[in-house]
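A closer look at the structure
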Amino acid sequence: MVQKSLKKPFSFQGIGIHSGQFVQVTCLPASANTGIVFRRLDLAGKEVAVNPKSLKLADRCTQLHWDGVDIFTPEHLLAACAGLDIDNMVIEIDHAEVPIMDGSALAFSMGFLEAGIQDLSASVTPLVITKPILVQDGDRYVMALPSPVSYFSYVLSYPDTFIGSQTVTTSTSQFLSDIAPARTYGFEAEIQALLDRGLAQGGCLDNAVVIGKTGYLSELRFPDELARHKTLDLMGDLWVLGRPILGHVIGVKSGHALNARFVKELEKAPRLKSRLV
Ligand SMILES: [Zn+2]
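Since we're looking at a predicted model, the values are computed, not measured.

About the thresholds
Residues numbered from 1 in each chain as written. Predicted model: local features only at pLDDT ≥ 70, side-chain atom pairs only at ≥ 80, totals over all residues. Heavy atoms only, no water. Phe/Tyr/Trp six-rings, centres within 6.5 Å; stacked < 30°, edge-to-face > 60°. Donors = N, O, S within 2.8 Å, 3.2 Å for Na, K, Ca; no water. Tetrahedral: all angles 85-135°; square planar, octahedral: opposite > 155°, others 65-115°. Pairing = 2+ DSSP bridges. Helix = DSSP H or I, 4+ residues; strand = E, 2+ residues; numbered from the N terminus. Axes fitted to C-alpha atoms, helices over the stretch in contact; angles between N-to-C directions. Contact = heavy atoms within 4.5 Å. Core = buried A, V, L, I, M, F, W, Y, C linked by side-chain atoms within 4.5 Å. Buried < 20%, exposed > 50% of the residue type's maximum accessible area, 1.4 Å probe, protein only. Domains from an automatic or database assignment. Patch = residues over 30% accessible without salt bridge, like charges linked within 9 Å, V, L, I, M, F, W, Y side chains within 5 Å. Areas by Shrake-Rupley, 256 points an atom, 1.4 Å probe, with all protein chains shown as cover. Salt bridge = Lys/Arg side-chain N within 4 Å of Asp/Glu carboxyl O. Buried area = accessible area lost by both parts, 1.4 Å probe. Polar contact = N/O pair within 3.5 Å; in protein donor to acceptor, adjacent residues only side chain to side chain. Nonpolar A, V, L, I, M, F, W, Y, C, P; charged D, E, K, R; others polar.

**So, the packing of aromatic side chains**
For the coordinates displayed, the defined rule picks out seven aromatic pairs. The structure contains a cluster of three or more aromatic residues connected by ring pairs, namely Phe10, Phe12, Phe108 and Phe112.

Shown next, in the form of structure tokens:
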């Protein structure tokens with residue numbers, strides 16, 4: 001597979017869902033083997049490379065940390081990179097938190113397509129899953145199984161609510177239509193607790209599906225939008241590996257912390273052989 005980057009810069013601005021801060025971002029084309037790198041313009045251009053070493057085991061959002069510098073909530077932007085196979089990009093940002101936009105990966109995906117995506121003169125080696133691999137935390141799992149085609153599945157379960165269970169299976173070829181528009185979500189009952197912890201300061205009905213006791217307080221884009229969004233998160237979190245996975249990745253009730261553990265497991269698993277495809 002050939003490495004890819006943008007043809008020209010793509011700029012956007014918005015509010016961080018946790019910080020509530022207004023943030024300016026510019027995604028720049030980058031040469032082959034750069035990887036995806038965040039550059040904090042508010043910290044004299046200090047950089048955080050997106051890779052398993054910089055990935056932290058945080059729960060509410062994905063967190064990258066390197067040499068005293070943080071990046072929060074990069075997962076939806078990284079999901080757009082995963083969905084469009086973009087390996088190389090420098091992301092200039094003037095705050096620690098990536099803007100939430102509409103809560104999905106749609107604005108990032110559309111922006112990347114508008115900027116154009118170019119093939120670079122270097123290849124990327126997919127991580128080929130040759131044996132099942134699994135991480136577990138109670139009844140939550142992330143696993144990968146051998147498969148000649150890359151698939152992502154997610155099983156969501158809130159058995160004590162009107163939501164029940166939702167299951168989604170997709171591939172990157174369906175990302176733009178089936179996964180990118182799916183928004184993040186939160187339970188109305190938990191929102192006050194998040195606000196009290198200084199989180200969700202920028203959350204509102206425009207950038208998250210809000211779930212009440214007996215029904216959704218937001219209009220849904222898909223009946224199973226929640227499971228689709230968790231698939232989006234899984235794809236974004238796994239893009240931190242810096243290369244695509246050839247296999248079937250399945251998340252069962254997993255969140256960012258377990259996804260991050262899975263990334264670290266994949267990175268160190270000696271039985272996983274890479275080969276050019
Ligand atoms: Zn998310």
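Don't stop here, the text continues.
**Brief notes about the coordination of the zinc ion**
Distances from the zinc ion to its protein donors, namely His76 (NE2), His229 (NE2), Asp233 (OD) and Asp233 (OD), fall within the range 2.1 to 2.7 Å. One way to put it: the four donor atoms around the zinc ion meet at angles of 53 to 151°, and that makes the site irregular.

**A short note on the sheet that holds strand S2 (residues 10-15)**
Judged by pairing direction, the sheet is mixed, and its five strands sit side by side in the order S2-S3-S9-S4-S5 without closing on themselves. Pairing within the sheet leaves two strands with one partner each, and these edge strands are S2 and strand S5 (46-49). Averaged over all adjacent pairs, the angle separating strand axes in this sheet is 25°, with direction ignored. Pairing analysis gives four bridges linking strand S3 (residues 22-28) to strand S9 (residues 89-93), with the strands arranged antiparallel. In the strand pairing of S9, Thr26 is matched with Glu92. Strands in contact with helix H2 (residues 106-115) are S2, S3 and S9; relative to S2, the strand with the most contacts, it is inclined by about 165°.

**Looking at the side chain of Lys230**
Along the chain, Lys230 falls in helix H5 (residues 225-238). Apart from residues lying up to four places away in sequence, Lys230 is in contact with Tyr154, Leu156, Tyr185, Ser254 and Gly255.

**Focus: the nonpolar core**
Counting residues in hydrophobic clusters, the biggest one holds 64 residues, and the most contacted among them are Cys27, Met89, Phe112, Val249 and Phe262. Split by domain, this core shows at least three residues from each of two domains, domain 1 (2-123) and domain 2 (127-268). With residues up to four places along the chain from it excluded, the contact list for Val249 reads Val142, Met143, Ala144, Tyr151, Phe152, Ser153, Leu234, Leu238 and Phe262.

**Observations regarding a nonpolar patch on the surface**
A cluster of nonpolar side chains, namely Met110, Leu113 and Leu176, defines an oily patch on the protein surface of about 230 Å² accessible area. The residue Leu176 is located in helix H3 (residues 175-179) in this model. On the basis of relative accessible area, Leu176 is assigned to the partly exposed category, the value being 32%.

**Side note on the domain arrangement of the chain**
Many structure descriptions define interface size as the accessible area lost when the parts assemble. Domain annotation of the chain identifies domain 1 (2-123) and domain 2 (127-268). For domain 1 versus domain 2, the separation of C-alpha centres amounts to 19 Å. The interface of domain 1 with domain 2 comprises 40 residues on the first partner and 35 residues on the second. Taking both sides of the interface into account, the surface hidden between domain 1 and domain 2 amounts to around 2900 Å²; carbon and sulfur atoms contribute 66%. For Arg221, the salt bridge is made with Asp102, and the minimal N-O distance between the two is 3.0 Å. Counting across the interface, domain 1 meets domain 2 through 13 residue pairs in polar contact (both at pLDDT 80 or more). If you list the elements that add at least two residues to the side of domain 1 that touches domain 2, you get strand S6 (55-56), helix H1 (75-83) and H2. Per-element accounting of the side of domain 1 that touches domain 2 gives the leading share, eight residues, to H1. Of the residues belonging to the side of domain 1 that touches domain 2, the class tally is 22 nonpolar, 11 polar and seven charged.

**A word on the pattern of salt bridges**
It is possible for side chains of opposite charge to pair when their charged atoms get near one another. The tally for this structure, following the rule as stated, stands at eight salt bridges. The shortest N-O distance in the salt bridge between Arg39 and Glu47 comes to 2.8 Å. Of the residues examined, Glu47 reaches a relative accessible area of 38% and is grouped as partly exposed. Salt bridges here are not isolated pairs; linked through shared partners, they connect Arg39, Glu47 and Glu92.

**Section: the sheet that holds strand S8 (residues 69-72)**
Pairing is antiparallel in the open sheet, where three strands are placed in the order S6-S7-S8. Edge positions in the open sheet fall to S6 and S8, since each of these has one partner strand only. By the bridge criterion, two bridges tie S6 to strand S7 (residues 63-66) in an arrangement that is antiparallel. From the neighbouring strand, Leu55 faces S7, where its bridge partner is Leu64.

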